[in-house]
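# Commentary on secondary and tertiary structure
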Amino acid sequence: GIQVEQSPPDLILQEGANSTLRCNFSDSVNNLQWFHQNPWGQLINLFYIPSGTKQNGRLSATTVATERYSLLYISSSQTTDSGVYFCAVVTGGGNKLTFGTGTQLKVEL
Amino acid sequence: GAVVSQHPSWVICKSGTSVKIECRSLDFQATTMFWYRQFPKQSLMLMATSNEGSKATYEQGVEKDKFLINHASLTLSTLTVTSAHPEDSSFYICSARDYRGNTEAFFGQGTRLTVV
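So, how was this worked out
Residues numbered from 1 in each chain as written. Chains lettered and ligands numbered in written order. Predicted model: local features only at pLDDT ≥ 70, side-chain atom pairs only at ≥ 80, totals over all residues. Heavy atoms only, no water. Phe/Tyr/Trp six-rings, centres within 6.5 Å; stacked < 30°, edge-to-face > 60°. Helix = DSSP H or I, 4+ residues; strand = E, 2+ residues; numbered from the N terminus. Buried < 20%, exposed > 50% of the residue type's maximum accessible area, 1.4 Å probe, protein only. Pairing = 2+ DSSP bridges. Salt bridge = Lys/Arg side-chain N within 4 Å of Asp/Glu carboxyl O.

### What to know about the packing of aromatic side chains
Counting across every chain of the model gives seven aromatic pairs over all chains. With a centroid separation of 5.7 Å and an interplanar angle of 80°, the aromatic rings of Phe99(A) and Phe107(B) are classed as edge-to-face. Of the two residues, Phe99(A) is situated in strand E10 (residues 98-99) and Phe107(B) in strand E10 (residues 105-107); the pairing between them involves two chains. By relative accessible area, Phe99(A) is classed as buried at 8%. With a centroid separation of 5.7 Å and 50° between ring planes, the pair formed by Tyr36(B) and Phe107(B) is classed as tilted. A residue pair is termed long-range when its members are at least 10 positions apart, and Tyr36(B) in strand E4 (residues 32-38) and Phe107(B) in strand E10 qualify at 71 residues.

Rendered as structure tokens:
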């Protein structure tokens, strides 16, 4: 099956800093989504981005499907950005989301 | 975005008993829903795909007799953990996608199951 690797696995930032999270996948994908899992476990949809670039406030994402990676940018980070960030992909003719390994982010004052 | 509601949020049960978890799509219809399991500090692993009106499709290594899935309507799927054991303690989370196309998936709040 497809392999979805995220980097870095852990990240500590000072409030106000910027960061880039990366998602690499081993096969072509139809869909790609980014999620933020909050401390209570809830998955918050950030982006549905099988290709191209999108922005939503302090967050933006870019997927280069031909090169099999996606990037999530967080600018002016806040303590509420802390949590785990996952990318997830759907491959081929299927409809199942395969999750990446995750990036644990901690934003400190 | 679409809303998926999962209930209960947490449950504690005794070994040997069964627990049912519900997953509802509140403002859209879903012919397919998905059940995931997450252990602490790990990623989400797909357990099974729930198909409305037909049998669920289980991932390799997931016991179908242990994790019973029913998808009786276009807005409700249930996961029953039967004869629960402490090793079944985990975070279970469901997902649904609008039946009209290969679109964005939305997730329930998750259920934290503790078997004592």
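From this point, the narrative continues.
### A word on the pairing of strand E3 (residues 19-25) of chain A
Residues and elements named next belong to chain A. Of the two faces of E3, the one lined by Ser19, Leu21, Cys23 and Phe25 is fully buried and the one lined by Thr20, Arg22 and Asn24 carries no buried residue. Here four bridges tie strand E1 (residues 4-7) to E3, and the two strands are oriented antiparallel to one another. Residue pairing across strands places serine 7 opposite arginine 22, the latter belonging to E3. Direction of pairing for E3 relative to strand E8 (residues 69-74): antiparallel, over a ladder of six bridges. Each residue of the ladder has a partner; that of serine 19, found in E8, is isoleucine 74.

### A look at the pattern of salt bridges
Residues and elements named next belong to chain B. In this structure the tally under the stated criterion is five salt bridges over all chains. The partner of glutamate 22 in a salt bridge is arginine 24, and the shortest N-O contact between them spans 3.5 Å. Assessed through its relative accessible area of 26%, glutamate 22 is described here as partly exposed. In this structure arginine 24 comes out as partly exposed when scored by relative accessible area, which is 35%.

Just geometry here; none of it tells us what the structure is for.
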